[in-house]
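# Chains, contacts and geometry: an overview
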Amino acid sequence: GENVEQHPSTLSVQEGDSAVIKCTYSDSASNYFPWYKQELGKRPQLIIDIRSNVGEKKDQRIAVTLNKTAKHFSLHITETQPEDSAVYFCAASMSGNSGYALNFGKGTSLLVTP
Amino acid sequence: DTGVSQNPRHKITKRGQNVTFRCDPISEHNRLYWYRQTLGQGPEFLTYFQNEAQLEKSRLLSDRFSAERPKGSFSTLEIQRTEQGDSAMYLCASSLVRSSYNSPLHFGNGTRLTVT
């Protein structure tokens, strides 16, 4: 089955700096890669996603890149703010019988210090 | 609020008891997913429904776990004979899937289960 690895597990940056989180996946049939932000005690919320027919996607301070050949994708947050502090999860859609259900990485705890 | 709704938010039960959680998806969504999330981990896929049909259940953690979506709207997840290892956050998500379109998964706030 699909295996998603995420690094780093924790990341601390100064406000205004950039943050990069990287994920790899194992199933070459995966074709959808979302990123979720989860604040303490709250639901995971989608912040950006990318499909396998696209190499890069941006939304204001957030961007995601995908390298299908290497089977890795990354989240880039520029001009970080304290409210960006949260746990970020990458995911890849599972093929086969799982109906586009997502397989998640273990998460990256991002801390943005003022 | 037209998001995914889960009840109860918290459940404390004694080992050996049965528990049932409810999920109400976004109304126009035809797919409903159940996940489990333990501390410090990402959500772990358990099962999903397309309308009322449960199309994947091999990832349910044991035969003590079962889920239903009888009318293709709300769903319930039941855990029988709970064990301390079942303590976790149980998340529900829904999405809309058409022949040429898959919406993102939208999650509910979850039900936090504590087994004492």
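Everything in this summary refers to the structure shown in the same document. (Residues numbered from 1 in each chain as written. Chains lettered and ligands numbered in written order. Predicted model: local features only at pLDDT ≥ 70, side-chain atom pairs only at ≥ 80, totals over all residues. Heavy atoms only, no water.)

## Observations regarding the nonpolar core
- Core analysis: the biggest nonpolar cluster contains 23 residues, and Trp35(A), Phe73(A), Leu75(A) and Leu110(A) have the highest contact counts within it.
- When residues of this core are traced back to their parent elements, those giving at least two are strand S2 (10–14), strand S3 (19–25), strand S4 (32–38), strand S5 (45–51), strand S7 (62–67), strand S8 (72–77), strand S9 (86–93) and strand S11 (108–113) of chain A. (Core = buried A, V, L, I, M, F, W, Y, C linked by side-chain atoms within 4.5 Å. Buried < 20%, exposed > 50% of the residue type's maximum accessible area, 1.4 Å probe, protein only. Helix = DSSP H or I, 4+ residues; strand = E, 2+ residues; numbered from the N terminus.)

## Quick notes on the sheet that holds strand S8 (residues 75–79) of chain B
All names here are of chain B.
- The strand order across the open sheet formed by 4 strands is S1-S3-S8-S7, and the pairing between neighbours is antiparallel. Pairing within the sheet leaves two strands with one partner each, and these edge strands are strand S1 (5–7) and strand S7 (65–68). Each neighbouring strand pair of the sheet contributes to a mean axis angle of 15°, computed without reference to strand direction.
- Where strand S3 (residues 19–24) lies against S8, 5 bridges are found, and the strand directions are antiparallel. Bridging across to S8, Val19 finds its partner in Ile79. (Pairing = 2+ DSSP bridges. Axes fitted to C-alpha atoms, helices over the stretch in contact; angles between N-to-C directions.)

## Points about empty space enclosed by the protein
- In the structure shown here, the tally under the stated rule is 1 cavity of 30 Å³ or more.
- Computed from the structure, the largest cavity encloses a volume of approximately 80 Å³.
- Lining the largest cavity are Asn31(A), Tyr32(A), Arg51(A), Ser93(A), Tyr100(A), Leu102(A), Tyr33(B), Ser95(B), Val97(B), Asn102(B), Ser103(B) and Leu105(B).
- Along the lines of polarity and charge, the residues of the lining of the largest cavity split into 6 nonpolar, 5 polar and 1 charged. (1 Å grid on protein atoms, 1.4 Å probe; cavity = no way out; pocket = protein on both sides within 12 Å on 5 of 7 lines; lining within 4 Å. Points joined across faces, edges and corners; volume = space filled by probe spheres on them. Nonpolar A, V, L, I, M, F, W, Y, C, P; charged D, E, K, R; others polar.)

## Topic: the interface of chain B and chain A
- Across the boundary between the two partners, chain B contributes 23 residues, which contact 20 residues of chain A.
- Carbon and sulfur atoms supply 48% of the area that chain B and chain A bury against each other, a total of about 1800 Å² over both sides.
- Along the contact surface separating chain B from chain A lie 0 salt bridges.
- Counting every contact that joins chain B to chain A gives 5 residue pairs in polar contact (both at pLDDT 80 or more). (Contact = heavy atoms within 4.5 Å. Buried area = accessible area lost by both parts, 1.4 Å probe. Salt bridge = Lys/Arg side-chain N within 4 Å of Asp/Glu carboxyl O. Polar contact = N/O pair within 3.5 Å; in protein donor to acceptor, adjacent residues only side chain to side chain.)

## What about the pattern of salt bridges?
- Scanning the entire structure with this criterion turns up 8 salt bridges over all chains.
- A salt bridge links Asp84(A) to Arg61(A); its shortest N-O distance comes to 2.9 Å. Of the two residues, Asp84(A) sits in the loop between S8 and S9 while Arg61(A) sits in the loop between strand S6 (56–59) and S7, which places them 23 residues apart along the sequence.
- The partly exposed category is assigned to Arg61(A), whose relative accessible area is 22%.
- The shortest N-O distance in the salt bridge between Arg64(B) and Glu83(B) comes to 3.4 Å.

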